[in-house]
Amino acid sequence: MATANILPEAVGVIAARLRIRLPEDIWIADVSQANPQATFRLLSGIRAATRAVELGEVITDDPATAGDAIATHPSVTAYEELERTADRVLAKYETTDTDLYEFVAESGLPIEYPVTAENGWYEFDLTGSRAEFDHFRTAIEDAGRQYELLSLVHSTDPSGLLTERQRDVLMAALRAGYFELPRDCTLADLASALDIDKSTASRVLRRGQTRIVKWFLTTAASQSPENR
């Protein structure tokens, strides 16, 4: 269990990766523990009333079995397989388990996709201010969740928040004119130049941009006259 005084006091942004025990009564806990060698990745999701619509993939040596385990789970009300290879299955599905979204709403700090689930645990990245992390930690502890803090970076410099890969992709996008209006290159062009697939390029760009924007807005807010 993480300790209470893990976060620095200085102004800036905190980027952390957490590993949290899945509640036993949700479908991904059942399926991931039944397929302990598989990696389940929630790529995107949205809550709609009493259900969630999600896009997810499973990396496994037996994608057919993993896909069937999701499709036949009682909490999964609709399932559409979009792609299957020898070691991966991509699917869109609906579920009545909305625990993740309720937890995020209570914590007040949005998670960054993808969310990874393996053998009863899920991992994800968070980026926010000290106050937001304090609130999030309190929400975890109040809920009695077992968790581990895998990494934590505090920075008043946006470059310190980026992984080497995020920095490389963002710089390549900047040089290629991806951020120009109109764009000088497409996402497909950028992915091809970097020799990665479009979904990977999109994910790395989105996460890098999110971290920089949060750093900028948090620092700007801390330096405003009313906060001095």
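For the structure itself, consult the block above.
Reading the values: the criteria
- Residues numbered from 1 in each chain as written.
- Predicted model: local features only at pLDDT ≥ 70, side-chain atom pairs only at ≥ 80, totals over all residues.
- Heavy atoms only, no water.
- Helix = DSSP H or I, 4+ residues; strand = E, 2+ residues; numbered from the N terminus.
- Buried < 20%, exposed > 50% of the residue type's maximum accessible area, 1.4 Å probe, protein only.
- Contact = heavy atoms within 4.5 Å.
- Areas by Shrake-Rupley, 256 points an atom, 1.4 Å probe, with all protein chains shown as cover.
- Phe/Tyr/Trp six-rings, centres within 6.5 Å; stacked < 30°, edge-to-face > 60°.
- Lys NZ or Arg CZ within 6 Å of the ring centre and 35° of its normal.
- Axes fitted to C-alpha atoms, helices over the stretch in contact; angles between N-to-C directions.
- Parallel < 35°, antiparallel > 145°, perpendicular 65-115°, else oblique.
- Nonpolar A, V, L, I, M, F, W, Y, C, P; charged D, E, K, R; others polar.
- Salt bridge = Lys/Arg side-chain N within 4 Å of Asp/Glu carboxyl O.

**Student:** Can you tell me about the overall build of the protein, naming the residues and giving the values?
**Tutor:** Check the secondary structure of the protein and you find seven helices and eight strands. A burial count over the protein gives 45% of its 228 residues as buried. Considering only contacts within the protein whose residues lie at least 6 apart along the sequence, 66% involve residues at least 24 apart. Approximately 11,900 Å² of the protein is accessible, and the part contributed by carbon and sulfur atoms is 52%.

**Student:** Could you give an account of the packing of aromatic side chains, naming the residues involved and the relevant values?
**Tutor:** This model, assessed by the stated rule, comprises four aromatic pairs. Between Trp27 and Tyr93, the ring centres sit 5.4 Å apart and the planes meet at 80 degrees, which makes this aromatic pair edge-to-face. With Trp27 in helix 1 (residues 27-34) and Tyr93 in strand 5 (residues 88-95), the pair connects residues that are 66 residues apart, well separated along the chain. Classification of Tyr93 as buried rests on a relative accessible area of 6%. Through a chain of ring-to-ring contacts, the aromatic side chains of Tyr122, Phe124 and Phe136 assemble into a single cluster. One residue, Arg19, lies across the ring of Trp121, its end atom 4.1 Å from the ring centre. Here Arg183 stacks its cationic end above the ring of Tyr178, 3.9 Å away from the centre of that ring.

**Student:** If you had to explain unusual backbone geometry to someone new, which residues and values would you point to?
**Tutor:** In this chain, Tyr113 is followed by Pro114 through a cis amide linkage whose omega measures 5 degrees. With an omega dihedral of -5 degrees, the bond running from Leu181 to Pro182 counts as a cis peptide bond. Within the secondary structure, Pro182 sits in the loop between helix 5 (164-176) and helix 6 (187-194). Despite not being glycine, Ala49 shows a phi value in the positive range, around 60 degrees.

**Student:** Tell me about helix 1, residues and numbers included.
**Tutor:** All buried positions along helix 1 are accounted for by Trp27, Ile28, Ala29, Val31 and Ser32. The secondary structure elements touched by the buried residues of helix 1 are strand 2 (39-48), strand 3 (51-59), helix 2 (63-71), strand 4 (76-84), strand 5 and strand 6 (112-118).

**Student:** Now, about the packing of helix 3 (residues 99-107) against helix 4 (residues 130-142): what can you tell me, with residues and values included?
**Tutor:** The geometry of a pair of packed helices is captured by two quantities: the angle between their axes and the separation between those axes. Their axes nearest at 8 Å, the elements helix 3 and helix 4 cross at an angle of 130 degrees. Taken as axis vectors, helix 3 and helix 4 run oblique relative to one another. Within the contact between the two elements, helix 3 uses Phe103, Glu106 and Ser107 and helix 4 uses His135, Phe136, Ala139 and Ile140. For the contact of helix 3 with helix 4, the residue count by class is four nonpolar, two polar and one charged.

**Student:** A description of the pattern of salt bridges should follow, citing residues and the corresponding values.
**Tutor:** In total, this model carries 14 salt bridges according to the counting rule given. Residue Arg41 is joined to Glu57 by a salt bridge in which the shortest nitrogen-to-oxygen separation is 2.1 Å. Residue Arg41 is located in strand 2, and its partner Glu57 is located in strand 3; the two are separated by 16 residues in the primary sequence. A relative accessible area of 8% means that Glu57 is categorised as buried. Through salt bridges with shared partners, a single ionic network connects Arg17, Arg19, Glu123, Asp125, Glu148 and Arg207.

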